[in-house]
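Notes for the structure review
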Amino acid sequence: MLPVFSHRPGSFRALVWTGFFCVTLPLAVALLNAGVFAGRFARRAAEAVQHASRVADDSRLLQDHVLSLERRARQFHVLGEEQLLRDYGDRREVFLQLLDRLARLLPSLEERAAAMRELEEAVFRFLTQGGPQPQGADAEALDRFAPLSALSREVLDASTRFSLEEAEAMQHAAAQARRAFLWQASALVPLTLLVSALFAALLARPIRQIDRGIQGLGSGRFDSPIVVRGPRDLEFLGERLDWLRLRLAELEAEKTRFLAHMSHELKTPLTAIREGAELLGEGVVGALTAEQREVASILRDSALRLQGLIENLLRFSVELARAEGPGDAWTEVAEVVEAVVADHRMASAAKALRVERDVEPVRVRGDRERVRVILDNLLSNAVKFTPRGGTVGIRVSRDGKEAVIDVGDTGPGIPAGERERIFEPFFQGAARGDGAVMGSGLGLSIVAEYAGALGGRAEAMAHGGPGALLRVRLAVWSEEDP
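What this report covers is the structure whose coordinates are included nearby. (Residues numbered from 1 in each chain as written. Predicted model: local features only at pLDDT ≥ 70, side-chain atom pairs only at ≥ 80, totals over all residues. Heavy atoms only, no water.)

Topic: the sheet that holds strand E5 (residues 402–409)
Overall, mixed pairing links the five strands, which are arranged E2-E4-E5-E7-E6 in an open sheet. Of all strands in the sheet, those bounded by a partner on one side alone are strand E2 (354–359) and strand E6 (457–461). Each strand axis lies, on average, 15° off the axis of its neighbour in the sheet, ignoring direction. Where E5 meets strand E7 (residues 469–475), seven bridges bridge the pair, whose relative direction is antiparallel. Each bridged residue has a counterpart across the sheet, and for Glu402 the counterpart in E7 is Ala475. Across the sheet, helix H8 (residues 333–343) touches E2, strand E4 (391–399) and E5, and the angle it forms with E2 is around 175°. Against the sheet, helix H10 (residues 368–385) touches E4, E5 and E7, its axis set at about 20° to E5. (Pairing = 2+ DSSP bridges. Helix = DSSP H or I, 4+ residues; strand = E, 2+ residues; numbered from the N terminus. Axes fitted to C-alpha atoms, helices over the stretch in contact; angles between N-to-C directions. Contact = heavy atoms within 4.5 Å.)

A few points about the nonpolar core
Counting residues in hydrophobic clusters, the biggest one holds 35 residues, and the most contacted among them are Val333, Ile374, Leu375, Leu378 and Val472. Element by element, the count of residues in this core is highest for H10, at eight residues. Once residues within four sequence positions are removed from consideration, Ile374 is found in contact with Val447, Tyr450, Ala451, Leu454 and Val472. Counting 31 residues, the second largest nonpolar core, distinct from the first, contains Tyr88, Leu105, Ala113 and Leu142. (Core = buried A, V, L, I, M, F, W, Y, C linked by side-chain atoms within 4.5 Å. Buried < 20%, exposed > 50% of the residue type's maximum accessible area, 1.4 Å probe, protein only.)

Structural notes on the environment of Val195
For Val195, the position within the fold is in helix H5 (residues 145–218). Of the residues examined, Val195 reaches a relative accessible area of 17% and is grouped as buried. Residues Val195 and Pro26 lie 169 residues apart in sequence; the distance between their C-alpha atoms is 10.0 Å. Residue contacts for Val195: discarding those within four places in its chain leaves Cys22 and Val23.

Comments concerning the layout of surface pockets
What the second largest pocket holds in volume is close to 200 Å³. Considering the residues around the second largest pocket, the lining is formed by Gln209, Arg212, Gly213, Gly216, Leu217, Arg221, Ser224, Pro225, Ile226, Val227 and Arg245. Looking at the lining of the second largest pocket element by element, the count peaks at five residues for H5. Split into classes, the residues belonging to the lining of the second largest pocket amount to four nonpolar, four polar and three charged. (1 Å grid on protein atoms, 1.4 Å probe; cavity = no way out; pocket = protein on both sides within 12 Å on 5 of 7 lines; lining within 4 Å. Points joined across faces, edges and corners; volume = space filled by probe spheres on them. Nonpolar A, V, L, I, M, F, W, Y, C, P; charged D, E, K, R; others polar.)

Some words on the pattern of salt bridges
Throughout the structure, instances matching the rule amount to 23 salt bridges. Here Arg368 and Glu335 are joined by a salt bridge, their closest N and O atoms 3.7 Å apart. Taken together, the residues span a long stretch of sequence, with Arg368 in helix H10 and Glu335 in helix H8 at a distance of 33 residues. Of the residues examined, Arg368 reaches a relative accessible area of 40% and is grouped as partly exposed. In this structure, Arg354 engages Glu356 in a salt bridge whose closest nitrogen and oxygen atoms are separated by 3.2 Å. For Arg354, a relative accessible area of 47% puts it in the partly exposed group. The exposure class of Glu356 is partly exposed, given its relative accessible area of 41%. Through salt bridges with shared partners, one network takes in Asp399, Glu402, Arg457, Glu459 and Arg473. (Salt bridge = Lys/Arg side-chain N within 4 Å of Asp/Glu carboxyl O.)

Describing helix H3 (residues 110–128)
End to end, H3 covers 26 Å across 19 residues, agreeing with the expected 27 Å (1.5 Å per residue, within 8%). Those residues of H3 that fall on the buried side of the exposure criterion are Ala113, Met116, Leu119, Glu120, Ala122, Val123, Phe126 and Leu127. (Expected span 1.5 Å × (residues − 1).)

Details of the side chain of Ser152
Mapped onto the elements, Ser152 comes out in helix H5. Once residues lying within four places of it in the same chain are set aside, the contact partners of Ser152 are Gln63, Val66 and Met116.

Structure, rendered in structure tokens:
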């Protein structure tokens, strides 16, 4: 059974070949038409040139034979030699053949050929008849060569005009063909461009659909189905991408459930530990010595820090998946700095740290919670890596249309090779902070993600002093902002 032709190619390669065929078909037809016409025109031109050349040659030969016949006739009339008469007869046969051929080649010469034939016939009768002739008959017969020569010149002139007319006809035909080819080309160029644009769109559409699907997967958007319309092999690729989308959505849901369960399971004992430490510290179960109260405080602080790490993990896995911009909200940075410093007062006091602040009044675009998380993680990181009795510095300034937030410490600092990686998720450098609880490596990655979501950026600065200097740049809010 013959295969049924589908309304569209079954593969991307078939679509490409179909497009190539459709684009080149009009051009091929035009070239074939031009080739056929050129062949016909060449044959016609060759035939016309050959025809005109034969007419011209025969016309010149005819004129030469008229002169030769006149010369032989007058010689025979004077000398009376039979050889001259036979020679005249031979030349007369060629003369008559030339007349017949010219009449066939150029029908417009038929009347002149007949007149020349009659004039020559009269001369031939005079030469071949015997006996005495009336007085003056020889002069009357031989004088017929004068109109005969005139007619031969007219024949030559007519053949020359015929050659010129044929040349003009060829030029006119060539001009018509040139105009026809120009019109054909002017019609084929937009047609070819239109067909090319059509197939370019047909080829690009499934590619764009695949690209949008891949971008959606990369952006974590798993709710929109991936549909690819086009050749069958690209549709199959779209189906596989959609299967991958569904699978990633399942994995994302499983991860969310796992994190929710883990959060619940971890927060319950942490809450008990924190509340128990608070009860001990408040002396609810009995008076404590100074050392016991210090231990209870350490337990409480450790529980709070562990709870913060868990919340960072949850926030990084769930909230950071949302690609939200800064929105229309604005935040006063100085207020957030004071609130965050207050939250870390106990941790700073436990290590006898000095927190220095140099804050200019500046507002940034973005919600307060995100700005708070950025500052909280920066300060938490500085407190963690600053040795006991060290200094943590917070500086907020304005640089054009950006607010610059610098948080520095007097800790071990960040090696040059790690500055580009400290904002990567789960990355932990060679330096280790004080404390029994190991970090998760998510705090600074959350800083970078939130700064990017607010239209800013985070970077580790190289400076001449001790410790590390982390900088966050955020867009400044103004009254003209929407």
